[in-house]
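# A structural walkthrough
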Amino acid sequence: MNPQNFKRLPLPAKLVTVSWHDLLVIGVPVLLVTALAAWLAVKFIGPAPPDSIVMLAGPKESSYYSIAERYAKIISRSGVKVRVVETEGAQDNLRRLADRKIYADVGFVLGGVTEGIETSGLMSLGSVFVQPVLVFYRGKESVERLSQLEGKRVAIGPEGSGTHALAMKFLVANGMGKGPTRLLELDGDDAIEALKQGKIDAAFVMGELVRGQVTRDLLKVPGIRLMNFSQADGYMRRLKFLSHLTLPKGAFDLGQDLPPHAVDLVGPTVELIAREDLHPALSDLLISAAKEIHGPAGMFRKAGEFPAPLERDFPISEDAQRFYRAGTPFLYKKLPFWMASLVDRVLVVLVPLVVIVIPVIRIVPPLYRWRVRSRIYRWYGALMALERDMFAQPTPERAQEILKRLEDIQEAVNNMRTPLAFADQLYVLREHISGVRNRLAGQH
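This write-up is about the structure you can find in this document. (Residues numbered from 1 in each chain as written. Predicted model: local features only at pLDDT ≥ 70, side-chain atom pairs only at ≥ 80, totals over all residues. Heavy atoms only, no water.)

## Some words on the pairing of strand β9 (residues 202-205)
Burial along β9 is two-sided: A202 and F204 facing one way and A203 and V205 facing the other are all buried. Inspection of the sheet shows strand β6 (residues 134-138) paired to β9 by four bridges, in the antiparallel sense. For Y137, the partnering residue across the bridge sits in β9 and is A202. The pairing of strand β7 (residues 153-155) with β9 spans two bridges and is classified as parallel. The residue of β9 that forms the bridge with V154 is A202. (Buried < 20%, exposed > 50% of the residue type's maximum accessible area, 1.4 Å probe, protein only. Helix = DSSP H or I, 4+ residues; strand = E, 2+ residues; numbered from the N terminus. Pairing = 2+ DSSP bridges.)

Set out below in structure tokens:
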């Protein structure tokens, strides 16, 4: 059989710059994966931090309110406004935070005042200072046990205050919850004034109701003394949230030597309590302010002792734990608050996308080459099958069938859309097809 007698097929006219079909087959899944990654990143990205915080403090004349104003001043430097809300005290703060109908973010709460209040959904940003329980009394006889005040008139703070809640725990522990002792629910200033005027015999005084200077001045009033808790260790065993404190001799006034001797005291820690949905950036701002305010040494604390992640009545939030471990995030150290927040949120989206998209994009070229070459290589399998038939010494009729199959292969190859970058492989395939044709012609 003469190869010149075979029908000659036209040169391939299907060479293209790019095989868009192959790119679509590969690109669509890549785009879907990218879109899914972007959607997941956006879905889980946190919202932008609010530009304001509602902080529950205490009465306006209290040290808590004064401290809250210091928080507001420090945090305002970052462009976030703090609205300080006057309340009845620590227990009232806790009730308001627990009530989702009341708009509030954070507040000062004393240890040991959670009884009867549902606290789920609340978390601690850490203990910020220790609050001593001060019991002032009138009289010449030294008072070192609360039971010595039985039958007397005692101010225990207004309902809703931490002072009231703690005073009742102290009195009940001494068997004085009921009986002849007259318990008066006076607020801080009223209780102090009544004590000065001799209208009451003793008063529980804490910083949530009065300012520190007021308590210092009380010791200068003739006839008024500060109770020494000689049973301080016993109180700590009974009421686990208490700490043993010592007021040094002359701590209030060195010139007048007030107090004239060291005084044993007990008191709970004050925690910064927030709702669990507090934005992480605001959590960082609050703890940073707490470090600036409560970090230096004070009357009842060492330098650097507070704030601290001391888990008491509330779990420490994950954001607070992260801050205590690693400190202020890098971006918030170097950039203004609003810009750091924006960059932080953008990175939350970009980092997962980069991690996922770059490897996916890198496999696109190999996949593209594999798809184009696979269309070329599969015809080699067909040629090998034809050659096996040829080696079997086919009859003339069988040879015509093989030739028809070879022409079909040639036509399919010529009509195959092939990118220019793979034209050399296409021409090599055509040469191999011609070689098979020549061998077939040589047999007949």
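## Some thoughts on the side chain of T269
By the secondary structure assignment, T269 is in strand β12 (residues 263-275). Apart from the residues lying within four places of it in its own chain, the contact partners of T269 are V109, L110, G111, S127, F129, V130, F241 and R312. (Contact = heavy atoms within 4.5 Å.)

## What about the packing of aromatic side chains?
Scanning all chains against the criterion turns up eight aromatic pairs. Where F170 meets F204, the ring centres are 6.4 Å apart and the plane angle is 90°; that geometry is what we call edge-to-face. Highlighted residues: F170 in helix α4 (residues 162-173) and F204 in strand β9, separated in sequence by 34 residues. Considered together, F170 and F204 belong to a single accessibility category, that of buried residues. The structure contains a cluster of three or more aromatic residues connected by ring pairs, namely Y64, Y71, F108 and F129. (Phe/Tyr/Trp six-rings, centres within 6.5 Å; stacked < 30°, edge-to-face > 60°.)

## Focus: a nonpolar patch on the surface
Nonpolar side chains collect at one region of the surface, where V33, V351, V355 and I356 lie side by side and expose about 310 Å² of accessible area between them. For the nonpolar patch, the element with the highest residue contribution is helix α11 (residues 337-362), accounting for three residues. Mapped onto the secondary structure, I356 falls in helix α11. (Patch = residues over 30% accessible without salt bridge, like charges linked within 9 Å, V, L, I, M, F, W, Y side chains within 5 Å. Areas by Shrake-Rupley, 256 points an atom, 1.4 Å probe, with all protein chains shown as cover. Salt bridge = Lys/Arg side-chain N within 4 Å of Asp/Glu carboxyl O.)

## Brief notes about helix α12 (residues 364-391)
Its 28 residues place the ends of α12 41 Å apart at the C-alpha level, agreeing with the 40 Å of an ideal helix rising 1.5 Å per residue. Along its length, α12 shows its largest kink, about 30°, at S374. Inspection of α12 places V364, Y368, V372, I376, W379, L383, L386 and M390 among the buried residues, and these make up the whole buried set. Within two residues after α12, Q393 carries a phi angle of roughly 55°, on the positive side. (Expected span 1.5 Å × (residues − 1). Bend = angle between axes of the 7 residues up to and from the residue.)

## What about the sheet that holds β9?
By way of backbone hydrogen bonds, the strands of a sheet pair with one another, either parallel or antiparallel. Pairing within the open sheet is mixed, and its five strands lie in the order β8-β7-β9-β6-β10. Each edge of the open sheet carries a strand with a single partner, namely β8 (182-184) and β10 (224-226). The average undirected angle you get between the axes of adjacent strands in this sheet is 25°. Sheet topology note: the β7/β8 ladder contains three bridges and is parallel. Looking at β8, one finds that V154 is bridged to L183. Lying on the sheet, α4 is in contact with β8 and β9; it crosses β9 at an angle near 125°. (Axes fitted to C-alpha atoms, helices over the stretch in contact; angles between N-to-C directions.)

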